[in-house]
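For reference, the chains in residue letters:
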Amino acid sequence: MSLKFLENNLRCKFCNQRCTGGVNRLKHHLAGTHHGMKPCSKVSEDARLECKEALANFKDQKTKRNELLQEIDAVANFGPGFKPPSMHELRTWILKEEVNDLSIIMEDHKKAWKQYGCSIMSDGWTDGKSRCLINFLVNSPAGTWFMKSIDASDTIKNGELMFKYLDEVVEEIGEENVVQVITDNASNYVNAGMRLMEKRSRLWWTPCAAHCIDLMLEDIGKLNVHATTLSRARQVVKFIYGHTWVLSLMRTFTKNHELIRPAITRFATAFLTLQSIYKQKQALIAMFSSEKWCSSTWAKKVEGVKTRSTVLFDPNFWPHVAFCIKTTVPLVSVLREVDSEERPAMGYIYELMDSAKEKIAFNCGGMERKYGPIWRKIDARWTPQLHRPLHAAGYYLNPQLRYGDKFSNVDEKSYKLVDAFWGSTPELQKFAIRVLSLTCSASDVKEIGAHLNRYNTRLRERSLQRKQNVDPILVEEIDSDDEWIAEKEDPLLPLDLCWLQDNELFNVDAIRVVSSNSQETQASSDHMVSSHSYKRKHNEVPSTSGGKGKEKELNLTPIDEDEDLDEMRIHDSGHFPTIDTLDEDDDDLGEEDLS
């Protein structure tokens, strides 16, 4: 501690100087900023730098918060007499000003495309008129920019036409600026990506990392323990949210904390909801043991009896919920990282996946019979889909990972550290900057589908929000026909969405349907190469020449997202027994597992 409390004032422990202000003024004193107080002459260098950094971070956060709230504040400060602009004003000078503002912003994006390179992101979505639309966006360190949307209702499955659409966007942006094209792993996009790389040797096609991780979670969700646990948890949640009185009682015991965690991907939502359920374990036990519940009519109905029995008396339910959390939430952490705008993920994706697997093994007590099936599910998707030359190059070129002693404690984006390390080799430096400034995810493409009327304005707002410590995988609502909500009585979520701001849990997006009947023994084949510590064992790096070398060809063996692993004949070898029994310590989650 660098301060002493003296009555109502503070005193510096280094120079014994009395401070009549607050902690912030004392930080200025220690940082030597000459702001409101004489600088400390005896402060240690470590303490001075720490205070200086804390003050800079505080200033940054305050500036960004003010920018985010400036427009709302302007209207609110005007008062109830505010008169909105007329339709004529909206269509004339206001529209013109908005177009001019966006043109200025677009020029900033174009400069970033030229300086750092960029990623083209594309995906399809269906609008309210059942039209299949394809969005095209461009991502760089300057943010994400919406290019256009086309109606591809008649051509969405046609790989040849998809190639034509993507090729036109590359031409429009400039081939010299495009480093990669990101799409999901549907067969039409795979074909288009291959064709694009054949024609344009300087760019790469890569599948969306967020989409791939969601498929991993889906595959893990088919293992016996996970599928059974999700099914039982879903029944509990459906019963509670399907009946207004029961839902109200639950909120009384959980102090208005919700069980459902809406997320950006379907399967992340499932496992984060399990995490939320476990966090409310004691509240749910207290609720179903309470006099209020026991004296209610619901306690005598079949559904109520079954749900209470699961929560109070099923010896496997809570240990299995805990086990599912331990083996999936590390993957959701990777999803959170790759979907964040805090830093481009290309330089970290290898390390993030490795760390997630190691965390899962650690959570399983190092017992291969527990983590082995999980790892093989991960590898079955990672090896053919995310094991890409660009991802390997990102790991190799990232000074924070390759030279940790020098850069591990530096709080800076990896591509901004390149000058400090690769400065003596200009060509490698330029290549490193272009690789390390790339994103790995195309989730913005789907989200923008619902905001076509204000696309680039919406993207700019979202970027600002993400920089305000808002969880990148958080959403504000859940579909009313979601699998976790039963359509009985009046299922509803609170109008006050403050429960979504719980920083102790991850939060993600609207979801679809997970088949509760899908049961699977264990998955994956012995010949699938584990990515765990792959970089440490093989140290393989893609060619940096920009040409179409052998490295480019060897890694292009994608899995069509529509194919099931069983249909691809990827089966478990039988060397690992099915995870059907767990140990007592499996029902032992620490704070780290719940935050």
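Here the residue numbering is sequential within each chain, running from 1 through the sequence in written order. Note on the predicted model: pLDDT of at least 70 is required for a residue's local features to be given, and 80 or more for side-chain atom pairs to be given and counted; whole-chain, interface and lining totals, by contrast, use all residues. The basis for every side-chain value is the complete set of heavy atoms in the structure, and neither hydrogens nor water enter the calculation.

**Looking at the overall build of the protein chain**
- Helix and strand assignments come from DSSP, with helices taken as H or I runs of at least 4 residues and strands as E runs of at least 2, each series counted from the N terminus. A count of helical and extended segments in the protein chain gives 24 helices and eight strands.
- In the protein chain, buried positions account for 50% of the 595 residues.
- Residue contacts follow a heavy-atom distance rule, with two residues in contact if any of their heavy atoms lie within 4.5 Å. Counting only contacts in the protein chain whose residues sit at least 6 apart along the sequence, the fraction spanning at least 24 positions is 72%.
- Method for areas: the Shrake-Rupley scheme with a 1.4 Å probe, in which residue coverage is limited to the protein chains shown. Surface exposure of the protein chain reaches about 29400 Å², of which carbon and sulfur atoms provide 49%. Only protein chains enter the calculation, and the probe is 1.4 Å; a residue is then buried if its accessible area is under 20% of its type maximum, exposed if over 50%, and partly exposed in between.

**Regarding the packing of helix α14 (residues 349-363) against helix α15 (residues 368-386)**
- Direction vectors running N to C along α14 and α15 enclose 160°, while the axes themselves pass 9 Å from each other. The angle between α14 and α15 falls in the class roughly antiparallel. For the pair α14 and α15, the crossing hand works out as right-handed. On α15, the residues that touch Ile 349, Tyr 350, Met 353, Lys 357, Glu 358, Ile 360 and Ala 361 of α14 are Tyr 371, Ile 374, Trp 375, Ile 378, Asp 379 and Trp 382.
- Each residue is assigned to one of three groups, with Ala, Val, Leu, Ile, Met, Phe, Trp, Tyr, Cys and Pro labelled nonpolar, Asp, Glu, Lys and Arg labelled charged, and all others, Gly among them, labelled polar. Tallied by class, residues from the contact of α14 with α15 come to ten nonpolar, no polar and three charged. Axis angles are defined between N-to-C directions and span 0 to 180 degrees, where every axis is a line fitted to C-alpha atoms and, for a helix, only to the segment in contact. For this classification, under 35 degrees means roughly parallel, over 145 means roughly antiparallel, 65 to 115 means roughly perpendicular, and everything else is oblique. Note on convention: near helix rotated counterclockwise from far helix by under a right angle means a left-handed crossing. Clockwise means right-handed.

**A few points about the pattern of salt bridges**
- Salt bridges are defined as contacts in which a side-chain nitrogen from Lys or Arg sits within 4 Å of a carboxyl oxygen from Asp or Glu. Enumeration over the complete set of coordinates arrives at twelve salt bridges.
- Between Asp 314 and Arg 232 there is a salt bridge, with its nearest N and O atoms 3.3 Å apart. Of the two residues, Asp 314 is situated in the loop between α12 (302-313) and α13 (317-338) and Arg 232 in helix α7 (residues 224-241); the sequence distance between them amounts to 82 residues.
- You can call Asp 314 buried: its relative accessible area is 18%.

**Thoughts on the nonpolar core**
- Only buried Ala, Val, Leu, Ile, Met, Phe, Trp, Tyr and Cys residues count toward a nonpolar core, and they belong to the same one when joined by side-chain atoms within 4.5 Å. Ile 134, Ile 173, Val 181, Ile 240 and Leu 331 are the most contacted members of the largest nonpolar core, which has 117 residues in total.
- The greatest single-element share of this core, amounting to 13 residues, is contributed by α13.
- Here the limits of each domain have been adopted from an automatic or database domain assignment. Taken domain by domain, this core gets at least three of its residues from each of domain 2 (117-208 + 441-465) and domain 3 (214-387).
- Not counting the four nearest positions on each side in its chain, Ile 173 is found in contact with Trp 113, Cys 118, Ile 120, Val 138, Met 147 and Val 178.
- Leu 30, Met 37, Cys 40 and Val 43 belong to the second-largest nonpolar core, a separate cluster that totals twelve residues.

**Quick look at the environment of Pro 373**
- Within the fold, Pro 373 resides in helix α15.
- Residue classification places Pro 373 among the buried residues on the basis of a relative accessible area of 0%.
- With 150 residues separating them in the primary sequence, Pro 373 and Leu 223 have C-alpha atoms 8.3 Å apart.

**Here's the deal with the environment of Met 106**
- Assignment of secondary structure puts Met 106 in helix α3 (residues 87-116).
- Distance from Met 106 to Phe 146, taken between C-alpha atoms, is 9.9 Å for residues 40 residues apart in sequence.

**Some remarks on helix α5 (residues 187-199)**
- Expected helix span is computed as 1.5 Å times (number of residues minus one). In a regular helix each residue adds 1.5 Å, so 13 residues correspond to 18 Å; α5 covers 19 Å between its end C-alpha atoms and thus fits that length.
- Where α5 is concerned, the buried positions are Asn 188, Tyr 189, Val 190, Ala 192, Gly 193, Met 194, Leu 196 and Met 197.

**A look at the UniProt feature "domain: C2H2-type" (unreviewed entry) in the protein chain**
- UniProt positions are given in the numbering used here, feature names are shortened, and annotations may be inferred rather than shown by experiment. In the numbering used here, UniProt assigns the feature "domain: C2H2-type" (unreviewed entry) to residues 12-34.
- Within the segment residues 12-34, helix and strand shares are 39% and 13% respectively, and the terminal C-alpha atoms sit 15 Å apart.

**A look at the pairing of strand β8 (residues 204-207)**
- Residues Trp 204 and Thr 206 point to one face of β8 and Trp 205 and Pro 207 to the other, with burial holding for every one of them.
- Strand pairing is assigned whenever DSSP detects at least two bridges linking the two strands. Of the pairings in the sheet, the one linking strand β7 (residues 178-183) to β8 comprises four bridges and is parallel in character. Bridge pairing in β8 links Thr 183 to Pro 207.
- For the handedness criterion, the strands are oriented away from the viewer, and a crossover whose path from the first strand over the helix to the second runs clockwise is classed as right-handed. One crossover worth recording links β7 to the parallel β8 by way of α5, and it is right-handed.

**Topic: the side chain of His 29**
- Its location among the elements puts His 29 in helix α1 (residues 23-31).
- A relative accessible area of 1% places His 29 in the buried class.
- Within the local environment of His 29, its side chain forms a polar contact with the backbone oxygen of Lys 38, the two atoms lying 2.4 Å apart.
- When neighbours within four sequence positions are excluded, His 29 is seen to be in contact with Cys 12, Cys 15, Gln 17, Met 37, Lys 38, Pro 39 and Cys 40. N or O atoms within 3.5 Å of each other form a polar contact, as long as, within protein, one can give a hydrogen and the other can take it, and as long as residues adjacent in sequence are counted only when both atoms are side-chain atoms.

**Details of the sheet that holds β8**
- Strand order in the open sheet made by the five strands is β6-β5-β4-β7-β8, with mixed pairing throughout. The open sheet terminates on both sides in strands that have one partner only, identified here as β6 (143-151) and β8. Each neighbouring strand pair of the sheet contributes to a mean axis angle of 25°, computed without reference to strand direction.
- Relative to β6, α3 is tilted by about 105°, and along the sheet it contacts β4 (118-126), β5 (132-140) and β6.

**Things to note about the side chain of Asn 139**
- Residue placement: Asn 139 occurs in strand β5.
- Reaching out from Asn 139, the side chain makes a polar contact with the side chain of Thr 144 at a distance of 2.9 Å.
- Beyond its immediate sequence surroundings of up to four residues, Asn 139 is in contact with Cys 118, Ser 119, Met 121, Thr 144 and Thr 439.

**Describing unusual backbone geometry**
- Positive phi outside glycine occurs at Asn 16, with the angle close to 65°.
- Looking at where Asn 16 falls in the secondary structure, it is placed in the loop between β2 (9-12) and β3 (18-19).
- Judged by relative accessible area, which is 42%, Asn 16 ranks as partly exposed.

**Section: the packing of aromatic side chains**
- Note on ring pairs: Phe, Tyr and Trp rings are taken, using the six-membered ring of Trp, and paired if centres are within 6.5 Å. Classes follow the plane angle, with under 30 degrees stacked, over 60 edge-to-face and the rest tilted. Summed over all chains, the structure comprises eight aromatic pairs.
- Taking 6.0 Å as the distance between ring centres and 75° as the angle between the ring planes, the aromatic pair formed by Tyr 278 and Trp 318 counts as edge-to-face. Linking Tyr 278 in helix α9 (residues 266-279) with Trp 318 in helix α13, this pair joins segments that are 40 residues apart in sequence. For the residue pair Tyr 278 and Trp 318, the accessibility class agrees, reading buried in each case.
- Distance and angle both matter: a charge sits over a ring if NZ of Lys or CZ of Arg is within 6 Å of the ring centre and within 35 degrees of the ring normal. Positioned above the aromatic ring of Tyr 348, the side-chain terminus of Arg 343 is 3.6 Å from the ring centre.
- One cation-aromatic arrangement involves Lys 357 over Trp 375; the distance from NZ or CZ to the ring centre is 4.5 Å.

**So, the pairing of β4**
- In terms of burial, β4 is a largely internal element, eight of the nine residues being buried.
- With eight bridges joining them, β4 and β5 adopt antiparallel strand pairing. Directly across from Ser 122, in β5, lies its bridge partner Phe 136.
- A loop of five residues connects β4 with β5, the two strands running antiparallel in sequence, and Ser 130 in this loop sits at a positive phi of about 65°.

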